[in-house]
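# Observations on the model geometry
One-letter residues, chain by chain:
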Amino acid sequence: MVKPVRVTIAESSEIIRRGVFSILKKEHSLHLEISEIWEADQLKRTLTWQRPDILIINPSFFGTLSLSQIKKEVANPNLKCIALQTSLADAVNTRYYDEVLSIYDTSENIHEKLSRLIHNPEPVKRHEALSQREKEIIACVIKGMTNKQIADKLCLSTHTVNTHRRNISAKLDIHSVSGLTIYAIVNKLVELNDLGEKNNIW
């Protein structure tokens, strides 16, 4: 029998928490055993008692505690932690997390991210450094510009723009304009008032 992977979701919003729970329940191939935490004072007690393999948590749920403090206090240094990013206002530093889930991620994106954490014991470098040109292209994409418009503005061929976009997607593991927009705002690649009408296809 395959040993189940214990996953705990820590999020105060019932709609978001139950939404993530519902998606994970459909992941039969990953053999997940899922629990929920909705109050911050449950966190340390539940993590100590249940000892999950993966914690999916809204970073604001920690309050004054840090991710490293939680791992130390619950004596589970191997706990994999996924930041649950629920809004553009979540401008937190997520580099200490093993992965980031956005509320804009599809079921397929979530499956891929969980699979990597479960099947790869070594930490994955999630955000390989972007080149300056890639940052410029991200800014153009989330402003709703077409590949041809981007190519004209940056004096590139459309083929080169397509290649850059594929590389950006591979580096960031982001496959939608909405997800890319969150990344760009959190990492200060653009300002909110710079954004115009956007397409919904990456």
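Scroll up for the structure.
My aim in this report is to walk through the structure given alongside it, one point at a time. Keep in mind that this is a model prediction, so the values were computed, not measured.

## Details of unusual backbone geometry
We note that R51 has phi near 45°; this positive angle belongs to a residue other than glycine. With respect to the secondary-structure elements, R51 resides in the loop between α2 (43–50) and β3 (54–57). Note on R51: relative accessible area 35%, which makes it partly exposed. The phi dihedral of A75 falls on the positive side, at around 55°, and the residue is not glycine. Mapped onto the elements of the fold, A75 is located in the loop between α3 (67–73) and β4 (80–85). Residue classification places A75 among the partly exposed residues on the basis of a relative accessible area of 48%.

## Observations regarding the nonpolar core
The biggest cluster of nonpolar side chains holds 21 residues, and the ones touching the most others in it are I138, I150, L172 and L180. Secondary structure elements with two or more residues in this core: α5 (132–142), α6 (147–154), α7 (158–172) and α8 (177–186). The biggest single contributor to this core is α5, with six residues.

## Topic: the packing of aromatic side chains
Taken as a whole and assessed by the stated rule, the structure comprises zero aromatic pairs. The ring of F21 has R18 lying over it, and the distance from NZ or CZ to the ring centre is 4.5 Å.

## Describing the side chain of N76
Inspection of the secondary structure assignment puts N76 in the loop between α3 and β4. Residue N76 is classed as buried on the basis of its relative accessible area, which comes to 8%. Polar side-chain contacts of N76 include one of 3.3 Å to the backbone oxygen of P52. Sequence-distant contacts of N76, that is, excluding residues within four places in its chain, are made with R51, P52 and K71.

What counts and what doesn't
Residues numbered from 1 in each chain as written. Predicted model: local features only at pLDDT ≥ 70, side-chain atom pairs only at ≥ 80, totals over all residues. Heavy atoms only, no water. Helix = DSSP H or I, 4+ residues; strand = E, 2+ residues; numbered from the N terminus. Buried < 20%, exposed > 50% of the residue type's maximum accessible area, 1.4 Å probe, protein only. Core = buried A, V, L, I, M, F, W, Y, C linked by side-chain atoms within 4.5 Å. Phe/Tyr/Trp six-rings, centres within 6.5 Å; stacked < 30°, edge-to-face > 60°. Lys NZ or Arg CZ within 6 Å of the ring centre and 35° of its normal. Polar contact = N/O pair within 3.5 Å; in protein donor to acceptor, adjacent residues only side chain to side chain. Contact = heavy atoms within 4.5 Å.

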